[in-house]
Amino acid sequence: MAKKKAAKKKAAPKKKAAPKKKAAAKKKTVKKKTAKKAAKKKTAKKKPAAKKKAAKKKGKKVKRKPNPSFMRPLQPDAHLGAVVGSKPLPRTQVVKKLWAYIKKSNLQDSQNRRMINADEKLRNIFGGKKQVSMFEMTKLVNKHLK
């Protein structure tokens, strides 16, 4: 029986050896991380070269051309004309004048600034709704332009 106990004692240290392998595996992951850091450093060196190219473009600076369909004058109907005027205006100017009216009349909701509270003039434009979001507003305004 003494021999069996001795055999069991020898088996126990072998089990302890297994965690050492895990530690070795951890070291490999650390090496991988350092390799990734080295790769990041290499890409960081490439970025300044790209900035030099961008600096050259600033000197040429080409002005963007707006889409012609936005700049085409459109005739507002009577309801929208009461707010922005009855002359034909580009869509961008209609929205700009509408926002000027909203700011002047303090119609933007105080809690949720994305919402616009409609007064009598705007209620006709917004299809009878008391409150609309600023994104929905442009959609509703387009129905009143021809």
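As a starting point, this report considers the structure included with it. (Residues numbered from 1 in each chain as written. Predicted model: local features only at pLDDT ≥ 70, side-chain atom pairs only at ≥ 80, totals over all residues. Heavy atoms only, no water.)

1. A look at the overall build of the protein chain
The helix and strand tally for the protein chain stands at six helices and four strands. The N-to-C order of helical and strand elements in the protein chain reads α-α-β-α-β-α-β-α-β-α. Looking at the protein chain residue by residue over its 146 residues, the buried ones come to 19%. Considering only intrachain contacts with a sequence separation of at least 6, the fraction spanning at least 24 residues in the protein chain is 27%. (Helix = DSSP H or I, 4+ residues; strand = E, 2+ residues; numbered from the N terminus. Buried < 20%, exposed > 50% of the residue type's maximum accessible area, 1.4 Å probe, protein only. Contact = heavy atoms within 4.5 Å.)

2. Comments concerning the packing of helix α4 (residues 91-104) against helix α6 (residues 134-142)
Two numbers describe how α4 lies on α6: the axes approach to 11 Å, and their chain directions differ by 125°. One element, α4, and the other, α6, form an angle in the oblique class. Along this stretch, α4 crosses α6, giving a crossing that reads as right-handed. Contacts between α4 and α6 involve R91, V94, V95, L98, W99 and I102 from the former and M134, M137, T138, V141 and N142 from the latter. Per-class residue counts for the contact of α4 with α6 are eight nonpolar, two polar and one charged. (Axes fitted to C-alpha atoms, helices over the stretch in contact; angles between N-to-C directions. Parallel < 35°, antiparallel > 145°, perpendicular 65-115°, else oblique. Left-handed = near helix turned anticlockwise from the far one by under 90°. Nonpolar A, V, L, I, M, F, W, Y, C, P; charged D, E, K, R; others polar.)

3. Some details on unusual backbone geometry
Of note in this structure, N106 is not a glycine but carries a positive phi near 55°. Mapped onto the secondary structure, N106 falls in the loop between α4 and β3 (115-117). Taking relative accessible area as the criterion, N106 reaches 63% and is therefore assigned exposed.

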